[in-house]
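Survey of secondary and tertiary structure
Here are the chains, one letter per residue:
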Amino acid sequence: MRVLLVEDDSRIAAEVRSALEEAGYVVDVAREGEDAWFKGDVEDYDAAILDLGLPGMDGIAVLKRWREGGRALPVLILTARGSWVERVEGIDAGADDYLPKPFQMPELLARLRAILRRSAGQASPVISIGSVSLDTRKMAVDVGGRDIGMTSQEYRLLAYLMHHAGRVVTTTEIVDHLYGDDSERAENSVEVFIGRIRRKLGVDLIHTRRGFGYFVEGGEA
Ligand code: CA
């Protein structure tokens, strides 16, 4: 999953970035509003974490411009503690959730997982398709109750496909969302990882659409 982090405080930005990367996200950081708006407008992110107090264009203005431009990505806003006015403005401007500062990292990660799930139409933190269950809280996978050991790369790829069950996901899209800028090498690895995941699962979950990409049948929430 690829996330845009918008935060002008360099200490907070560094902490959040490393927590997100540790949790398996690909992260881009923007430090001011104009840059944030531009990145969110031209790049394809799975979600954004948006601080509202920014130099130049503030977070509310960034969010409004994304929504006016038809950008539907889920957005978690970071608000000043106790500022209910900011929260109301943010939600009215199209935020999906908010987190008051200061916050604990596990809460930020949980709220991010929740907005990602909802944007994929999943109410539950566990995505089940056929006999395969993916627990987004534990980053764990099981088939018919049997735990499947996966590397973080394999887990991220499978999670992305299962989040987008019901449509073809192209190799380019996978590289873009899971590997960030290291794309040359990654393009070749996708096929290798898919092969490993298929062998580990031992069930027919991931289908190949030759010349396009991969496809997982639509799941149940
Ligand atoms: Ca700020």
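Residues numbered from 1 in each chain as written. Predicted model: local features only at pLDDT ≥ 70, side-chain atom pairs only at ≥ 80, totals over all residues. Heavy atoms only, no water.

**Quick look at the coordination of the calcium ion**
Only Asp 8 (OD), Asp 51 (OD) and Gly 53 (O) from the protein reach the calcium ion as donors, at distances of 2.2 to 2.3 Å. The class for Asp 8 is partly exposed, based on a relative accessible area of 32%. (Donors = N, O, S within 2.8 Å, 3.2 Å for Na, K, Ca; no water. Buried < 20%, exposed > 50% of the residue type's maximum accessible area, 1.4 Å probe, protein only.)

**Regarding the sheet that holds strand S4 (residues 75-79)**
A sheet is described by the order of its strands in space; here 5 strands give the open sequence S2-S1-S3-S4-S5, paired in parallel fashion. In this open sheet, the two edge strands, each paired with only one partner strand, are strand S2 (26-30) and strand S5 (97-100). This sheet shows a mean twist of 20 degrees between the axes of neighbouring strands, independent of strand direction. Looking at chain direction, S4 and S5 are connected through 4 bridges and run parallel. Within the sheet, the bridge partner assigned to Ile 77 lies in S5 and is Tyr 98. (Pairing = 2+ DSSP bridges. Helix = DSSP H or I, 4+ residues; strand = E, 2+ residues; numbered from the N terminus. Axes fitted to C-alpha atoms, helices over the stretch in contact; angles between N-to-C directions.)

**Quick look at the pairing of strand S6 (residues 126-129)**
The pairing of S6 with strand S7 (residues 132-135) spans 4 bridges and is antiparallel. If you follow Ile 129 over to S7, its bridge partner there is Val 132. Where S6 folds back on S7, the antiparallel hairpin that results is connected by 2 residues, among which Gly 130 adopts a positive phi of roughly 60 degrees.

**Remarks on the environment of Pro 55**
Checked against the element boundaries, Pro 55 lands in the loop between strand S3 (47-51) and helix H3 (59-68). On the basis of relative accessibility, which here comes to 41%, the residue Pro 55 falls in the partly exposed class. A C-alpha to C-alpha distance of 5.6 Å links Pro 55 and Glu 32, two positions 23 residues apart in sequence. Contact partners of Pro 55, with chain neighbours within four places excluded, come to Asp 8, Arg 31, Glu 32 and Gly 33. (Contact = heavy atoms within 4.5 Å.)

**What about the layout of surface pockets?**
Size it by volume and the second largest pocket reaches roughly 270 Å³. Around the second largest pocket, the lining comprises 17 residues; the ones closest to its centre are Ala 23, Tyr 25, Arg 113, Thr 136 and Tyr 155. Among the secondary structure elements, those contributing two or more residues to the lining of the second largest pocket are helix H5 (105-119) and helix H6 (152-163). A per-class count over the lining of the second largest pocket returns 10 nonpolar, 3 polar and 4 charged. (1 Å grid on protein atoms, 1.4 Å probe; cavity = no way out; pocket = protein on both sides within 12 Å on 5 of 7 lines; lining within 4 Å. Points joined across faces, edges and corners; volume = space filled by probe spheres on them. Nonpolar A, V, L, I, M, F, W, Y, C, P; charged D, E, K, R; others polar.)

**Side note on the pattern of salt bridges**
Under the counting rule described, the total for this entry stands at 16 salt bridges. A salt bridge links Arg 111 to Asp 97; its shortest N-O distance comes to 2.9 Å. Separated by 14 residues along the polypeptide, Arg 111 in helix H5 and Asp 97 in strand S5 bring together distant segments of the chain. (Salt bridge = Lys/Arg side-chain N within 4 Å of Asp/Glu carboxyl O.)

**Remarks on the packing of aromatic side chains**
Aromatic ring pairs: the centre-centre distance and the angle between the two ring planes describe each pair. Counted under the stated rule, the structure contains 0 aromatic pairs. Over the ring of Trp 37 we find Arg 65; its NZ or CZ atom is 3.9 Å from the centre of that ring. (Phe/Tyr/Trp six-rings, centres within 6.5 Å; stacked < 30°, edge-to-face > 60°. Lys NZ or Arg CZ within 6 Å of the ring centre and 35° of its normal.)

Any functional reading would require information beyond the geometric quantities listed.
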